[in-house]
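# What the coordinates show
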Amino acid sequence: MEIHDVVIIGTGPAGLTAAIYAARASLNPVIYAGSMHGGQLTTTTEIENFPGFEHGIMGPKLMSDMTAQAERFGTKIIYETITKIDASKRPFKLWTHDTEFQAQTVIIATGATAKTLGLPDEAKLMGRGLSTCATCDGFFYKNKIVAVTGGGDSAMEEANYLSKLASKVYLIHRRPEFRASKIMVDRVKANPKIQMMIPYAVERALSDQSGVNGLMLKNLESNKVEELKVDGLFMAIGHKPNSDIFLPWVDVDSHGYIKTTNHTATKTPGLFAAGDIGDPNFKQAITAAGMGCQAAMQAQKYLEGHS
Ligand code: NAP
């Protein structure tokens, strides 16, 4: 059975940066893309704060360029999902659905998945009026009325994006303070197509055969329940780190983010974590890329000492 020097799990900015560095160090990295090649940035629009792009760059374009750069140095990309890992001893064993293989070091860069509200009938209505991705689904709401819920940068970004397509956007948030940066909130406030609904919580989605046609909202000051006519609801309320399959081999915090020491080292020697999976604080493309670089260099050093 082939034993890889470095296996990277996840193809967001952390995983792909790790791949670029590991490939350039002649470690022949293999990177598993999972179900979402390119990670969360493939569901975003313009990225204005990634250094080097004076006028911004579209998220999917940035990720396809990073992929091409990793491949140019010999990274092998496999479009499968790792389902299990045994890191009890080296080489580590890993499994996709039907294949087992081994790795001397593993870099976990699995990022995080969008959270949802857990509304009644939510699963049934996903894709039929409920969504967690404006870039993916916004197109279906041209000249329609939509709502976005959340008070972070994601919610602001989605509201602004949707305002270019929809006839009206409601931004529903549960408290007057925002987690989003001031510049993003100011942009939403200045947008004539966006109406803020604060402090409100979404209680349930109303629907007919064709999907969502309204929301029941609770005014959190008066406790009154009100109906709001919308054609869709975009949930932008944060993300859950994808750490479940690594739990025996890593420590996680109360939200599931992998705890690291000495930059990207987990509690299992040879197992590293980079990007949003190990970062409850910053969660930026540029910080994820930086962590990917660190993980690859730490994996290289580890291999030199444990060959
Ligand atoms: P976030 O900052 O964690 O914000 C999540 C928001 O959802 C909060 O306002 C929270 O409300 C609300 N929320 C959570 N659970 C809820 C529930 N059950 N019901 C109603 N509301 C709920 O998440 P994010 O906006 O996805 O951003 C994550 C990170 O990515 C941040 O560091 C952000 O800066 C970054 N980001 C950056 C950009 C950019 O720079 N272009 C774009 C997107 C994201 P409370 O505030 O009341 O808890």
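In what follows, the accompanying structure is described. From a predicted model like this one, the values you see are computed outputs, not experimental measurements. (Residues numbered from 1 in each chain as written. Predicted model: local features only at pLDDT ≥ 70, side-chain atom pairs only at ≥ 80, totals over all residues. Heavy atoms only, no water.)

## Observations concerning the sheet that holds strand S14 (residues 200-208)
- Judged by pairing direction, the sheet is antiparallel, and its 3 strands sit side by side in the order S14-S15-S16 without closing on themselves. What marks the edges here is a single partner per strand, and that holds for S14 and strand S16 (225-228). Across the sheet, the axes of successive neighbouring strands diverge by a mean angle of 30°, strand direction being ignored. (Pairing = 2+ DSSP bridges. Helix = DSSP H or I, 4+ residues; strand = E, 2+ residues; numbered from the N terminus. Axes fitted to C-alpha atoms, helices over the stretch in contact; angles between N-to-C directions.)

## Section: the side chain of Asp279
- With respect to the helices, strands and loops of the structure, Asp279 is situated in the loop between strand S19 (271-273) and helix H7 (285-305).
- Within the buried core, Asp279 has no salt-bridge partner, and the shortest N-O distance to an opposite charge, that of Lys283, equals 7.2 Å.
- Polar side-chain contacts of Asp279 include one of 2.9 Å to the backbone nitrogen of Asn281.
- Those residues in contact with Asp279 that sit more than four places away from it in its chain are Tyr257, Thr287 and Met291. (Buried < 20%, exposed > 50% of the residue type's maximum accessible area, 1.4 Å probe, protein only. Lys, Arg positive; Asp, Glu negative; His and termini not counted. Salt bridge = Lys/Arg side-chain N within 4 Å of Asp/Glu carboxyl O. Polar contact = N/O pair within 3.5 Å; in protein donor to acceptor, adjacent residues only side chain to side chain. Contact = heavy atoms within 4.5 Å.)

## What to know about the site of the ligand
- Residues in contact with the ligand amount to 20 residues; listed here are only the nearest, Gly151, Asp153, Ser154, Arg175 and Arg179.
- Within the backbone of Gly152, one N or O atom sits 3.5 Å away from an oxygen atom of the ligand.
- For the ligand, whose accessible area on its own is 920 Å², the fraction buried by protein is 76%.
- No other element matches helix H5 (residues 153-163), which puts 3 residues into the shell around the ligand.
- The class makeup of the residues in the shell around the ligand is 5 nonpolar, 9 polar and 6 charged. (Near = heavy atom within 4 Å. Areas by Shrake-Rupley, 256 points an atom, 1.4 Å probe, with all protein chains shown as cover. Nonpolar A, V, L, I, M, F, W, Y, C, P; charged D, E, K, R; others polar.)

## Looking at the packing of helix H1 (residues 13-24) against helix H2 (residues 59-72)
- Direction vectors running N to C along H1 and H2 enclose 25°, while the axes themselves pass 8 Å from each other. Compared by their axis directions, H1 and H2 come out roughly parallel. Crossing geometry of H1 relative to H2 is assigned as left-handed. Contact residues: Pro13, Leu16, Thr17, Ala19 and Ile20 in H1; Met63, Met66, Thr67, Gln69 and Ala70 in H2.
- In terms of residue class, the contact of H1 with H2 is made up of 7 nonpolar, 3 polar and no charged. (Parallel < 35°, antiparallel > 145°, perpendicular 65-115°, else oblique. Left-handed = near helix turned anticlockwise from the far one by under 90°.)

## Notes on the packing of H1 against H7
- Packing of H1 against H7 brings their axes to within 7 Å, and their N-to-C directions diverge by 35°. Along this stretch, H1 crosses H7, giving a crossing that reads as right-handed. On H7, the residues touching Pro13, Ala14, Thr17, Ala18, Tyr21 and Ala22 of H1 are Ala285, Ala288, Ala289, Gly292, Cys293, Ala296 and Met297.
- Residues of the contact of H1 with H7, tallied by class, amount to 11 nonpolar, 2 polar and no charged.

## Notes on the side chain of Glu158
- Along the polypeptide, Glu158 turns up in helix H5.
- The side chain of Glu158 sits in the buried core without any salt bridge; Lys164 is the nearest counter-charge, 12 Å away.
- A distance of 3.3 Å separates a polar side-chain atom of Glu158 from the backbone nitrogen of Ala134.
- In contact with Glu158, not counting residues within four places along its chain, are Thr132, Cys133, Ala134, Val148, Phe234 and Ala236.

## Description of H1
- Between its terminal C-alpha atoms H1 stretches 16 Å, which fits the 16 Å expected from 12 residues at 1.5 Å a residue.
- Taking burial as the measure, the 12 residues of H1 include 10 buried ones, the bulk of the element.
- Every buried residue of H1 is listed here: Pro13, Ala14, Gly15, Leu16, Thr17, Ala18, Ala19, Ile20, Ala22 and Ala23.
- Structurally, H1 contributes buried residues whose contacts are with strand S1 (3-9), strand S2 (30-32), H2, strand S8 (100-108) and H7.
- Looking one or two residues past H1, Ser26 carries a phi angle of roughly 60°, positive in sign. (Expected span 1.5 Å × (residues − 1).)

## Some remarks on the pattern of salt bridges
- In total, this model carries 6 salt bridges according to the counting rule given.
- As a salt-bridge pair, Asp186 and Lys182 come within 2.6 Å of each other at their nearest N and O atoms. Of the two residues, Asp186 and Lys182 both sit in helix H6 (residues 182-189), 4 residues apart, roughly one turn of that helix.
- Take Lys182: its relative accessible area is 61%, and that puts it in the exposed class.
- Among the ionic pairs, Asp251 bridges to Lys267, the shortest N-O distance being 3.3 Å. Taken together, the residues span a long stretch of sequence, with Asp251 in the loop between strand S18 (239-241) and S19 and Lys267 in the loop between S18 and S19 at a distance of 16 residues.

## What to know about the packing of aromatic side chains
- One pass over the full model with this rule turns up 5 aromatic pairs.
- Ring geometry for Phe50 and Phe53: centres 6.2 Å apart, planes at 45°, overall tilted.
- Under the relative-accessibility criterion, Phe50 is labelled buried at 13%.
- Residue Phe53 is classed as partly exposed on the basis of its relative accessible area of 29%.
- We note Arg24 situated over the ring of Phe73; from NZ or CZ to the ring centre the distance is 4.9 Å. (Phe/Tyr/Trp six-rings, centres within 6.5 Å; stacked < 30°, edge-to-face > 60°. Lys NZ or Arg CZ within 6 Å of the ring centre and 35° of its normal.)

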